[in-house]
Amino acid sequence: MMQIFEEIFSHAFMVRAFIVGLLVSLCASLLGVSLVLKRYSMIGDGLSHVGFGALALAAALNMAPLQIAIPIVVLAAFFLLRISESSKIKGDAAIALIATSSLALGVLIVSMTTGMNTEVFNYMFGSILAMDGSDVLLSISLSTLVLLLFIVFYNRIFAVTFDETFARATGTHVDFYNMIIAFLTAITIVLGMRIMGALLISSLIIFPALSAMRVCKCFRSVILCSALLSLLCFCLGMLLSYVYATPSGASVVAVNILAFVLCSFAGWLRRHFGW
């Protein structure tokens, strides 16, 4: 086992993938708990489709992908939250509207410019070869920002997650903190798309949170369990991807599915036998 890890970390592209992947997995798992509890977990899927459209535009203009995608996806997150709260288009309908429109525009841009090449395929399904040095530095900086903001606003995020009405009554600026959650989610989605792909990145938000909720009860324990599961599943997924030459994103998702099944079984045992 140690020999395999030594071989893995002898490759620069694997080191870059692990650094960015672990940071993104940690950010996604922390935010995922709030998004799942607020019944807004599919926002990740919607924003990933927006990210694909933005990355397709960047490829067509021959510009830096992350520098184009991040502001577009952040604006989309704010817009999605706004139309969901203040119009007749609610929740899943708003997400579906934004997601399908962005995906269609991305496909049109690709078909009219570069065509379905390897770079576009990597945007959709992810690739550990997609990260270069500048991407890694930007990803580390933004992931650190996400983690710091989550820690600083932890108590407020907890409040708006469980009871927005009570939080508003106590003077908490609920709309502002919802915007903070949307902002952090948008950054995490864009950073993770390079490794996981637009079609799979939302799994990093949903699976660890749901798995942790099967075995833990209080918010803090769910947060910690989700983070540990996400990091472990990413490492195992990347190990499988390297050993068996499977797609990195799909391998990570497969391990997350297995973890969800095991946690669900552990939760069932706990409920029925008091373990």
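Up top is the structure these notes are about.
Student: Would you explain the overall build of the chain in this entry?
Tutor: Looking only at helices and strands, one finds 13 helices and 0 strands in the chain. Since a compact globule built from 275 residues should have a radius of gyration of about 19 Å, the 19 Å found for the chain is in line with a globular shape. Principal axes of the C-alpha set define a box for the chain whose edges measure 50 × 50 × 30 Å. For the chain, with 275 residues in total, the buried portion stands at 51%. For the chain, contacts bridging at least 24 residues in sequence account for 76% of all contacts bridging at least 6. Accessible surface computed for the chain: about 13,000 Å², of which carbon and sulfur atoms make up 71%. Within the chain, one finds 14 positive and 11 negative side-chain charges whose respective centroids are separated by 13 Å.

Student: What's the story with the state of the cysteines in this structure? I'm lost.
Tutor: When the sulfur atoms of two cysteines share a covalent bond, that bond is a disulfide. Across all of its chains, the model carries 0 disulfides by this definition. Between Cys-225, a cysteine without a disulfide, and Cys-216, which holds the nearest cysteine sulfur, the sulfur-to-sulfur distance is 4.0 Å. Judged by its relative accessible area of 17%, Cys-225 is buried. Cys-263 carries a free sulfur, and the closest cysteine sulfur to it, the one in Cys-225, is 5.8 Å from it. The class for Cys-263 is buried, based on a relative accessible area of 11%.

Student: What exactly am I supposed to notice about the environment of Leu-258 here?
Tutor: Along the chain, Leu-258 turns up in helix α13 (residues 248–273). Owing to a relative accessible area of 52%, Leu-258 belongs among the exposed residues under this scheme. Leu-258 sits 148 residues away from Val-110 along the chain, and the two C-alpha atoms are 35 Å apart.

Student: Which parts of the structure should I look at to understand empty space enclosed by the protein?
Tutor: For the coordinates displayed, the defined rule picks out 1 cavity of 30 Å³ or more. Lining the largest cavity are Gly-21, Val-24, Ser-25, Leu-191, Gly-192, Ile-195, Met-196, Leu-204 and Phe-234. At the level of secondary structure, the elements contributing two or more residues to the lining of the largest cavity comprise α2 (12–37) and α10 (174–196). Among the elements that line the lining of the largest cavity, the one with the most residues is α10, at 4 residues. Here the residues of the lining of the largest cavity sort into 6 nonpolar, 3 polar and no charged.

Student: Help me out: how do you make sense of a nonpolar patch on the surface in this one?
Tutor: A contiguous nonpolar surface patch, about 310 Å² in accessible area, is contributed by Leu-57, Leu-61, Met-63 and Ile-72. The topology assignment puts Leu-57 in helix α3 (residues 43–61).

Definitions and limits used
- Residues numbered from 1 in each chain as written.
- Predicted model: local features only at pLDDT ≥ 70, side-chain atom pairs only at ≥ 80, totals over all residues.
- Heavy atoms only, no water.
- Helix = DSSP H or I, 4+ residues; strand = E, 2+ residues; numbered from the N terminus.
- Rg over C-alpha atoms; globule rule 2.2 N^0.38 Å.
- Buried < 20%, exposed > 50% of the residue type's maximum accessible area, 1.4 Å probe, protein only.
- Contact = heavy atoms within 4.5 Å.
- Areas by Shrake-Rupley, 256 points an atom, 1.4 Å probe, with all protein chains shown as cover.
- Lys, Arg positive; Asp, Glu negative; His and termini not counted.
- Charge placed at Lys NZ, Arg CZ, Asp CG, Glu CD.
- Disulfide = S-S within 2.5 Å.
- 1 Å grid on protein atoms, 1.4 Å probe; cavity = no way out; pocket = protein on both sides within 12 Å on 5 of 7 lines; lining within 4 Å.
- Points joined across faces, edges and corners; volume = space filled by probe spheres on them.
- Nonpolar A, V, L, I, M, F, W, Y, C, P; charged D, E, K, R; others polar.
- Patch = residues over 30% accessible without salt bridge, like charges linked within 9 Å, V, L, I, M, F, W, Y side chains within 5 Å.
- Salt bridge = Lys/Arg side-chain N within 4 Å of Asp/Glu carboxyl O.

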